[in-house]
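These are the residues of each chain, in order.
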2 protein chains.
Amino acid sequence: MADSVNIGVVGAGTVGGGVVAVLMRNADVIEARLGFPLALARVAERNEQRRATLGLPEGVGTDDALAVVNDPGVDVVVELIGGTTLARDLTLAAFAAGKHVVTANKALVAAHGEELLAAAQKARVDYAFEAAVGGGIPILRALRESFTGDRIQSVQGIVNGTANFILTRMEDERGTTFPEVLAEAQRLGYAEADPTYDVEGIDSAHKLAILVALAFGGQVRLEDVYVEGITKIEPLDIDYAEDFGCRIKLLAIAKRADGEIEARVHPTMVPESQLIAQVDGVFNAVAVTGDFVGPTLFYGRGAGADATASAVVGDLVEVARAIRSDAAARVPAMGFQPAFRAPLPIRPMDRVESLYYLHLKVMDQPGVLSDIAGVLGRHGISIGRVIQDGRAEHEAVSLVMMTHRAVERAVQDALAEIEKMGCVRAPTTLIRVESDED
Amino acid sequence: MADSVNIGVVGAGTVGGGVVAVLMRNADVIEARLGFPLALARVAERNEQRRATLGLPEGVGTDDALAVVNDPGVDVVVELIGGTTLARDLTLAAFAAGKHVVTANKALVAAHGEELLAAAQKARVDYAFEAAVGGGIPILRALRESFTGDRIQSVQGIVNGTANFILTRMEDERGTTFPEVLAEAQRLGYAEADPTYDVEGIDSAHKLAILVALAFGGQVRLEDVYVEGITKIEPLDIDYAEDFGCRIKLLAIAKRADGEIEARVHPTMVPESQLIAQVDGVFNAVAVTGDFVGPTLFYGRGAGADATASAVVGDLVEVARAIRSDAAARVPAMGFQPAFRAPLPIRPMDRVESLYYLHLKVMDQPGVLSDIAGVLGRHGISIGRVIQDGRAEHEAVSLVMMTHRAVERAVQDALAEIEKMGCVRAPTTLIRVESDED
């Protein structure tokens with residue numbers, strides 16, 4: 001292994017096992033691309049049984065993460081233990097030991113990315129995290145290395161496979177409720193025992209924060225990203241979405257808006273005619289629009305051992321090429337030079353404009369529509385289309401509206417007023433609409 | 001411009017004008033990504049009127065391409081004159097002068113890529129051509145830098161916008177013939193006065209040859225790529241495709257097949273359920289499947305001044321970063337190290353296996369189906385589904401079949417025999433079928 005670049009993997013769970021498999025099974029094709037081998041030098045995994053199933057050569061496996069990070073024979077550390085505490089410590093220790101780090105840890109990059117990048121820069125090593133967003137989809141590299149002549153206008157993504165699986169399932173099995181589909185997803189292994197991060201949009205927000213930083217060249221605080229999950233979507237909303245020629249997706253949305261940046265995650269209606277509406281099941285997709293390249297879309301597996309491991313190894317090859325060509329920091333990790341990066345002006349959700357789908361549950365009596373339209377009108381919201389066909393859920397009938405372009409604050413104020421009315425029997429479902437033609 | 005990297009553009013037609021526009025309009029965002037400016041130093045364009053419309057600063061414009069190539073102040077030459085003769089000479093001259101070259105010239109790369117890469121390597125400069133395939137879609141960079149841990153299994157692309165526009169139009173305006181839609185595309189500027197390269201699949205074959213080299217790590221001769229255009233597609237074929245739940249696309253297909261590589265361009269039926277079937281109009285898409293990453297798809301504008309210029313400038317930023325980090329040849333231009341590349345074993349079309357859609361035009365008389373099925377059977381071809389509903393075109397009725405998996409040579413031999421039969425009134429339309437489920 002004299003002229004190899006040597007890899008130390010910390011954490012051999014699902015993704016770590018995949019990385020070990022890629023490095024062992026595809027060593028020949030990786031060497032053909034690099035001109036030298038990527039050698040699997042050390043693998044730290046505390047679970048002894050799991051370590052045994054990896055088929056590691058003698059002397060490679062260990063239960064001690066720090067031993068890998070501090071091993072002088074390791075050039076690049078792959079951090080796959082997850083979380084934001086021990087993972088952060090190990091990453092900083094690796095930088096301090098002069099080692100490059102590759103990770104799939106979106107929570108860590110979203111929460112502590114700026115601090116870690118500064119530490120990596122100081123240590124003159126790389127910190128690479130393509131696998132943190134969109135699994136095997138090379139969307140970060142596209143933003144950092146391909147759309148470099150463009151001013152990015154928007155990034156929109158389906159970046160959580162669990163949420164997309166659930167929404168797709170609710171479409172395919174009409175009438176099935178969110179809790180029913182969630183239970184099925186958990187049985188099939190597509191959702192965790194605690195699904196909060198996935199179904200409440202938190203995981204998507206982590207990924208959006210990373211996309212925003214790369215697309216717009218600045219820093220973003222996780223708490224400035226608006227987050228709303230899919231737990232309140234009802235079967236009738238899926239039906240009405242179809243009536244409007246739309247599908248409901250959990251979109252992570254970032255776009256320029258008069259000098260500010262919108263950054264938000266919420267259930268979104270998307271016209272069926274748009275490619276991103278056709279992304280089903282556990283697949284991910286990210287649509288990027290630049291001022292010159294125009295609209296683009298990247299699609300692939302967003303999670304799972306193999307696809308995520310593919311992205312990790314792609315980064316290992318990138319880092320190895322940089323080591324050998326002595327090209328540290330050829331590409332800044334966030335795409336833009338640190339000196340040009342600054343806190344981004346994230347637009348507060350209150351001032352975001354959109355079309356709105358409103359699903360009100362009201363008593364079936366005369367005058368209700370005109371009362372509600374009156375409230376909306378006083379808040380400056382005009383209605384584009386109404387469906388009132390007696391489809392019922394709970395004890396009320398459904399009154400469904402698509403508004404024209406309106407401001408979030410006005411819609412929220414109007415809804416607060418409407419929900420106090422006696423004729424309204426249940427909380428209103430609000431779904432924002434994103435359309436190319438908008 | 002002391003610390004800038006200086007660009008000389010040769011040929012300021014559609015794409016060249018776009019490159020000038022990107023460099024001038026987005027200079028700030030490009031500098032924020034690089035840390036130093038990309039300066040537009042020289043632009044050679046023989047057409048004086050066109051040169052005048054670019055709004056170039058004093059002293060930048062010239063009518064002399066060689067003056068740009070030999071200008072000691074130019075670091076990187078952008079070759080956008082097209083063709084394979086003068087463009088080849090200028091590229092070699094630029095390398096000889098120690099300059100890097102960026103191009104969108106797919107015909108040149110497909111025909112003389114190996115020779116030019118060897119010359120670039122000898123001169124220790126970069127030759128970059130992301131814009132040659134898929135316009136603004138960063139598909140070459142994905143193959144070269146992202147899927148580097150994967151063994152690529154297949155690449156399938158809609159890589160010619162003109163052909164895709166025509167096929168989409170034939171679907172939208174049912175009954176319109178190929179010549180009618182071609183004439184409309186020419187009026188709208190979506191097709192050239194001489195549309196041969198686009199509608200006969202030649203342009204797609206150029207792009208496929210480049211994709212094959214990058215995906216599979218070897219050399220490919222253009223003449224080994226099977227090419228068939230869309231000129232014979234009739235309105236009834238579009239209707240029958242819909243009956244089979246499919247759409248007809250001009251696909252460029254490359255895949256591994258038992259140690260060989262299939263490389264072919266032809267009209268192809270694709271199930272509507274596959275994302276690539278949903279790519280409409282002048283848009284392009286490339287689907288890549290790797291052994292670890294699984295299926296992926298890249299979508300965007302495949303042509304036009306702005307999207308292609310975006311890709312050219314993306315390459316300029318890449319080359320400028322390599323110049324400044326002293327990282328020449330960090331990434332090999334064809335993704336794999338030259339020592340690992342060799343002629344690829346392209347499978348002859350005769351031995352390719354596929355499902356086949358056959359649209360026969362026969363006399364409406366008893367026994368025809370059984371006679372034809374008999375010939376197919378003797379050639380080992382079994383029929384999956386038949387449509388015989390009396391829809392007529394010309395003077396014959398249509399007999400439409402979908403075969404099970406069959407070998408190209410057997411199908412061609414059977415068709416040759418069938419077309420000699422008295423009951424067959426016109427040439428048969430053959431369209432191969434590609435399906436994920438296949």
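Refer to the structure presented above.
Owing to the predicted nature of the structure, the values given are computational and were not obtained by experimental measurement.

Trainee: Got a sec to walk through the overall build of chain A? Specific residues and values, please.
Mentor: When helices and strands are counted, chain A shows 15 helices and 18 strands. In terms of C-alpha radius of gyration, chain A reaches 24 Å, essentially the compact-globule figure of 22 Å for 438 residues. Overall, the C-alpha framework of chain A stretches about 85 × 45 × 35 Å when taken along its three principal axes. Split into buried and exposed, the 438 residues of chain A put 54% on the buried side. Long-range contacts, defined as pairs at least 24 residues apart, comprise 75% of the intrachain contacts of chain A with a sequence gap of at least 6.

Trainee: How would you explain the relation of the copies chain B and chain A if you had to name every residue and give the values?
Mentor: With an RMSD of 0.1 Å, chain B superimposes on chain A once it is rotated by 180° and translated 0.0 Å along the axis. Both copies are brought into coincidence by an operation consistent with a two-fold rotation axis. When C-alpha positions in chain B are compared against the rotation axis, the closest is assigned to Phe298 of chain B, at 2.4 Å. Comparing contact sets, 100% of the residues at the interface of chain B also lie at the interface in chain A, consistent with an isologous, same-surface contact.

Trainee: Could you give an account of the packing of helix α1 (residues 14-25) of chain B against helix α13 (residues 305-324) of chain B, with specific residues and numbers?
Mentor: All names here are of chain B. Where α1 meets α13, the axes come as close as 8 Å, and the angle between the chain directions of the two elements is 60°. Crossing hand, α1 versus α13: right-handed. Residues Thr14, Val15, Gly17, Gly18, Val19, Ala21, Val22 and Leu23 of α1 form the contact with α13, whose participating residues are Ala305, Asp306, Thr308, Ala309, Ser310, Val312 and Val313. Grouping the constituent residues of the contact of α1 with α13 by class yields 9 nonpolar, 5 polar and 1 charged.

Trainee: How would you sum up the interface of chain B and chain A? Please name residues and give values.
Mentor: Each partner contributes to the interface: chain B provides 52 residues, whereas chain A provides 52 residues. Elements with a contribution of two residues or more to the side of chain B that touches chain A: α2 (27-34), α7 (139-146), β12 (294-301) and α13 of chain B. Top element by residues in the side of chain B that touches chain A is α13 of chain B. It accounts for 10 residues. Class assignment for the residues of the side of chain B that touches chain A results in 24 nonpolar, 17 polar and 11 charged. Across 3 bridges, the pairing between strand β12 (residues 294-301) of chain A and β12 of chain B is antiparallel. If you follow Tyr299 of chain A over to β12 of chain B, its bridge partner there is Leu297 of chain B.

Trainee: Give a description of the nonpolar core that names residues and reports values.
Mentor: The biggest cluster of nonpolar side chains holds 292 residues, and the ones touching the most others in it are Val10, Val212 and Val312 of chain A together with Val10, Val212 and Val312 of chain B. If we ignore the near neighbours within four places in the chain, the residues touching Val10 of chain A are Ala44, Ala65, Val68, Val69, Val77, Val78, Glu79, Leu80, Ile81 and Leu90 of chain A.

Parameters at a glance
The residue numbers shown here count from 1 along each chain, following its written sequence. Naming scheme: in the order in which they are written, chains are lettered from A and ligands are numbered from 1. In keeping with the predicted nature of the model, local features appear solely for residues at pLDDT of at least 70, side-chain atom pairs appear and are counted solely at 80 or more, and the whole-chain, interface and lining totals rest on all residues. Counting from the N terminus, the helices are DSSP H or I runs at least four residues long and the strands are E runs at least two residues long. Here the radius of gyration uses the C-alpha set of atoms, whereas the globule reference equals 2.2 Å times the residue count to the power 0.38. To assign burial, the other C-beta atoms lying within 10 Å of each residue's own C-beta are counted, with C-beta atoms placed from the backbone; 20 or more indicates buried, 12 or fewer indicates exposed, and intermediate counts indicate partly exposed. C-beta atoms are placed from the backbone for every residue, and two residues are taken to be in contact when these atoms lie within 7 Å. Superposing the copies works by least squares over the C-alpha atoms of residues that have pLDDT at least 70 in both of them. Each axis is a line fitted through C-alpha atoms, taken for helices only over the stretch in contact, and angles between the N-to-C directions span 0 to 180 degrees. Crossing chirality is assigned from the near helix's rotation relative to the far helix, an anticlockwise turn below a right angle marking it left-handed and a clockwise turn marking it right-handed. Gly is placed with the polar residues, together with every amino acid not listed as nonpolar (Ala, Val, Leu, Ile, Met, Phe, Trp, Tyr, Cys and Pro) or charged (Asp, Glu, Lys and Arg). Two strands qualify as a pair provided DSSP detects at least 2 bridges between them. To define a nonpolar core, we join buried Ala, Val, Leu, Ile, Met, Phe, Trp, Tyr and Cys residues through C-beta atoms within 7 Å and take the resulting set.

Honestly, it's all geometry; don't read function into it.
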